[in-house]
Amino acid sequence: MYAVKANPSPDLLKILFANGITHFDVASLGEVRLVAETLPDATLCFMHPVKAEEAIKEAYFEHGVRVFSLDSLEELSKIMRATGEASDLTRCVRLRVSSEHSKLSLASKFGVAPDEAKELLFAARQAADALGICFHVGSQAMTPEAYANAMERVRQAIVSAAVTVDVVDVGGGFPSAYPGMEPPALERYFETIHRAFESLPISYSAELWAEPGRALCAEYSSLIVRVERRRGNELFINDGAYGALFDAAHIGWRFPVALLREPESTVRDMPFSFYGPTCDDLDHMAGPFLLPADVQAGDYIEIGMLGAYGAALRTGFNGFGASETIVVDDEPMISLYTDLPEAAVSANVVKL
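Notes on the structure follow.

Regarding helix 6 (residues 145-161)
With 17 residues, helix 6 extends 25 Å between its outermost C-alpha atoms, agreeing within 8% with the 24 Å of an ideal straight helix rising 1.5 Å per residue. Close packing links the buried residues of helix 6 with helix 5 (114-127), strand 7 (130-134), strand 8 (139-141), strand 9 (167-169) and helix 7 (186-198). Positive phi appears at Ala 162, one or two residues downstream of helix 6, with a value of about 50 degrees.

A few points about the side chain of Thr 278
Mapped onto the fold, Thr 278 is located in the loop between strand 14 (269-275) and strand 15 (284-292). There is a polar contact of 2.6 Å between the side chain of Thr 278 and the side chain of Asp 283.

Considering the sheet that holds strand 9
With parallel pairing, eight strands are arranged side by side in an open sheet as 1-2-3-4-5-7-9-10. Strands with a single pairing partner mark the edges of an open sheet, and in this sheet they are strand 1 (2-3) and strand 10 (207-209).

Regarding the pairing of strand 11 (residues 221-231)
Side-chain direction in a regular strand flips from residue to residue, so the side chains alternate between the two faces of the sheet. As paired strands, strand 11 and strand 16 (residues 300-303) are joined by four bridges and run antiparallel to one another. Note on strand 16: the bridge partner recorded for Ile 224 is Glu 302. Inspection of the sheet shows strand 11 paired to strand 12 (residues 234-237) by four bridges, in the antiparallel sense. Across the sheet, residue Arg 231 finds its bridge partner in strand 12, namely Glu 234. Turn length for the strand 11-strand 12 hairpin, with the two strands adjacent in sequence and antiparallel, is two residues, and the turn residue Gly 232 shows positive phi of about 65 degrees.

Examining the packing of aromatic side chains
A full pass over the atoms with the stated rule returns eleven aromatic pairs. Three or more aromatic residues link up through ring pairs in this structure, and these residues are Tyr 147, Phe 174, Tyr 189 and Phe 190. Here the basic side chain of Lys 51 rests over the ring of Phe 46, its NZ or CZ set 5.8 Å away from the ring centre. Taking NZ or CZ as reference, Arg 229 lies 5.3 Å from the ring centre of Phe 236, over its face.

Criteria and cut-off values
- Residues numbered from 1 in each chain as written.
- Predicted model: local features only at pLDDT ≥ 70, side-chain atom pairs only at ≥ 80, totals over all residues.
- Heavy atoms only, no water.
- Helix = DSSP H or I, 4+ residues; strand = E, 2+ residues; numbered from the N terminus.
- Expected span 1.5 Å × (residues − 1).
- Contact = heavy atoms within 4.5 Å.
- Polar contact = N/O pair within 3.5 Å; in protein donor to acceptor, adjacent residues only side chain to side chain.
- Pairing = 2+ DSSP bridges.
- Phe/Tyr/Trp six-rings, centres within 6.5 Å; stacked < 30°, edge-to-face > 60°.
- Lys NZ or Arg CZ within 6 Å of the ring centre and 35° of its normal.

Spelled out as structure tokens, the structure:
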């Protein structure tokens, strides 16, 4: 299932659905409504472990949601009340697992601790038509070992609770490639997961699920920005920390860049940092971003691999944020899929 939070673009949702992604991981009532309106035939899975009771009720009775995640007895009771003790649900108990192999941790906020999993799994099994176990190893997992370790936690939880499990959901965390962040081939992740799944003490009919977000949308779009000023090796551009470059500013993410100029510059590259358009000092992207040394005010720069979280995290702070979206047929600046047939993809370019 596609994790909608990574990029909720209706155009992208339609592309994914047309190419076989029919299940969607939604985390809020807003995402439930968006996908239900955009794709009436899609299957929605409400995978946020803490939900408002009215959100559960609307999702179940109005939008046909039958899959709900939880990580506490309180949430289990809430789901039961909101759905009128429904017997046609799949309840997925989220385990807390390590994020040590991932660039962004998701190990602290959600997930039942190993010593508490037995009671919750048993209670969910008693209340559920189907029982699942899910986890999230963190965003941008850089080694398949992250999933191997998490699946061992799943094994221990199943054995301890002595329950029959119908679904194992390995969550998200599947990586994309960025400058200085080149993960192994995705096939290695799939092989590791399948091998671990086959060895679990589960029934022959148990299903294996996943919730990729970044891996399905990172290559979907680029951002084109204009240089408004150059100050040494600092470029003032018209997007930044409060816009599509949140990750570049706040967690030091590097993205591929290219100077868009005709004729192309022949000057050797040098490292630059970026300042965004707002009045805040923290509107700063340290990079380094390698661009021709003669880049100057008025030039345009393509910043790639912003399909994941770029559009989703944009704000209109300080009055900035106006943009134009242009659809192009082009290959992404970096790809984990270029060895596959038909590598060219339809992508969005957001021009500020």
